[in-house]
Amino acid sequence: SRDFRVVVLGSAGVGKSALVQRWVRGNFREAYLPTIEDTYRQVLGCSHKVGALHITDTTGGRRYRGLQRLAIARGHAFILVYSVTKKQTLDELKPFYELIRQLKGDNPQKYPIVLVGNKCDESRREVTEKEGAARASEWNCAFLETSAKMNINVHELFHLLLNHEKKPAPQA
Ligand code: GDP
Ligand code: MG
């Protein structure tokens, strides 16, 4: 099949569910609803082949490392989310990044990762755009700042991953 699985990872409260909600449903809510794991499925029509897009919205907690590991093992593309209002959430992405590399190998062409600094609408920041971009280049991955609340760069984020998928595979 042509199924394509996107996995969203990051600490609790950074806005993973809000980003997915914004993209899938087009809305935003202020209330915080802790997630264990949600999967969204959307049928993708791409030329003659039709496959499904699966988005796995994971939980940030350490208690769920097993679920996170399984989601990464099955994933094709990864969104690593931190909040620009909390520096700690950027640092907490490192184990996720390392696990992706460990399970999927070192080929960023094959398994794209996007580093996302969410809540860019907030004026009280602990992480500048420059710091986020520096981490992304260190990790050799794409970078975007987003706001699920104000609908900034959310479509760009998912299109980045989906357009990547549609490109022909590089010749070996
Ligand atoms: P998750 O634990 O990573 O899934 O985080 P949620 O999506 O549940 O969001 C956690 C909290 O942050 C909620 O209260 C959201 O309303 C808020 N939030 C999420 N995205 C944004 C954003 O882009 N800007 C602002 N200001 N708040 C956000
Ligand atoms: Mg959530």
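Scoring rules and cut-offs
- The residue count restarts for each chain, going from 1 along the sequence in the order it is written.
- Chains and ligands are labelled sequentially in the order written, the chains with letters from A and the ligands with numbers from 1.
- Per-residue local features are limited, in this predicted model, to residues with pLDDT of at least 70; the limit for side-chain atom pairs, both in listing and counting, is 80 or more; totals at the level of whole chains, interfaces and linings are taken over all residues.
- Side-chain descriptors were evaluated using all non-hydrogen atoms of the structure, hydrogens and water having been removed beforehand.
- For the purposes of this entry, the term helix denotes a DSSP run of H or I that reaches at least four residues, the term strand denotes a run of E that reaches at least two, and both are numbered from the N terminus.
- Relative accessible area decides the class of each residue, using a 1.4 Å probe on protein chains only: under 20% of the type maximum gives buried, over 50% gives exposed, and in between gives partly exposed.
- To measure how exposed things are, a 1.4 Å probe is used in the Shrake-Rupley method; for residues, cover is taken only from the protein chains shown.
- By convention in these notes, a residue is near a molecule or strand provided one of its non-hydrogen atoms lies within 4 Å of it.
- Distance and chemistry together define a polar contact, namely a pair of N or O atoms within 3.5 Å, with one atom able to donate a hydrogen and the other to accept it when in protein, and with adjacent residues in sequence counting only for side-chain atoms on both sides.
- Arc definition: directions from the helix axis to the C-beta atoms.
- The contact criterion used throughout is that any non-hydrogen atoms of two residues lie within 4.5 Å.
- The set of buried Ala, Val, Leu, Ile, Met, Phe, Trp, Tyr and Cys residues whose side-chain atoms join them within 4.5 Å is what this entry labels a nonpolar core.
- Between any two strands, at least two bridges found by DSSP are needed for them to pair.
- Note on handedness: a crossover is taken as right-handed if, strands pointing away from the viewer, the path from the first strand over the helix to the second is clockwise.
- Salt bridges, as used here, are contacts in which a Lys or Arg side-chain nitrogen is within 4 Å of a carboxyl oxygen on Asp or Glu.

Caption draft 1: The arrangement of the overall build of the protein chain in detail. Broken down by element type, the protein chain carries six helices and six strands. In the protein chain, the succession of helices and strands from N to C terminus is β-α-β-β-α-β-α-α-β-α-β-α. When each of the 172 residues of the protein chain is scored for burial, the buried share is 44%. For the protein chain, the exposed area adds up to about 9,500 Å²; of that, 49% sits on carbon and sulfur atoms.

Caption draft 2: Spotlight on the site of ligand 1. Of all residues adjacent to ligand 1, which total 19 residues, the nearest are Gly13, Lys16, Ala18, Glu30 and Asp121. Here Lys149 contributes a backbone N or O atom positioned 3.2 Å from an oxygen atom of ligand 1. Contact with the protein chains covers 91% of the free accessible surface of ligand 1, which is 590 Å². For the shell around ligand 1, the leading source of residues is helix α1 (residues 16-25), giving three residues.

Caption draft 3: Structural context of helix α5 (residues 129-138). The complete set of buried residues in α5 reads Gly132, Arg135 and Ala136. Angular distribution of buried residues about the axis of α5 spans 100°; they occupy a single face of the element. Projecting away from the buried face of α5 at angles above 90 degrees are the exposed residues Lys130, Ser137 and Glu138. Considering only its buried residues, α5 is in contact with β4 (77-83), α3 (87-91), β5 (113-118) and β6 (142-145).

Caption draft 4: Looking closely at the nonpolar core. Core analysis: the biggest nonpolar cluster contains 22 residues, and Leu9, Phe78, Leu80, Tyr82, Leu93 and Leu115 have the highest contact counts within it. When contributions to this core are tallied by element, the ones reaching two or more residues are β1 (4-9), α2 (65-74), β4, α4 (94-104) and β5. The dominant element in this core, judged by the number of residues it contributes, is α4, at four residues. Ignoring sequence-local partners within four residues, the contact set of Tyr82 consists of Val14, Thr89, Leu90, Leu93, Leu115, Val116, Gly117, Asn118, Val127, Gly132 and Phe143. Among the nonpolar cores identified, the runner-up in size contains 21 residues, and Val8, Ala148, Leu161 and Leu162 belong to it.

Caption draft 5: Molecular detail of unusual backbone geometry. Of note, Lys119 is a non-glycine position whose phi angle comes to about 70°, a positive value. Structurally, the position occupied by Lys119 is in the loop between β5 and α5. Take Lys119: its relative accessible area is 26%, and that puts it in the partly exposed class. Positioned with a positive phi, Asn151 is a non-glycine residue whose angle comes to about 55°. Structurally, Asn151 is set in the loop between β6 and α6 (154-166).

Caption draft 6: Up close: the pairing of β6. Looking at chain direction, β5 and β6 are connected through four bridges and run parallel. Looking across to β6, one finds that Val114 is bridged to Ala142. Read from β5 through α5 to β6, the crossover connection turns out right-handed.

Caption draft 7: Broad picture of the pattern of salt bridges. Applying the stated criterion across every chain yields a total of five salt bridges. Between Lys87 and Asp91 there is a salt bridge, and its shortest N-O distance comes to 3.1 Å. Of this pair, Lys87 and Asp91 both sit in helix α3, four residues apart, roughly one helical turn. Judged by its relative accessible area of 37%, Asp91 falls in the partly exposed class. Among the ionic pairs, Glu145 bridges to Arg125, the shortest N-O distance being 2.7 Å. Separated by 20 residues along the polypeptide, Glu145 in strand β6 and Arg125 in the loop between β5 and α5 bring together distant segments of the chain. Under the relative-accessibility criterion, Arg125 is labelled partly exposed at 35%. Here the salt bridges share partners, and the residues they tie into one network are Lys87, Asp91, Arg135 and Glu138.

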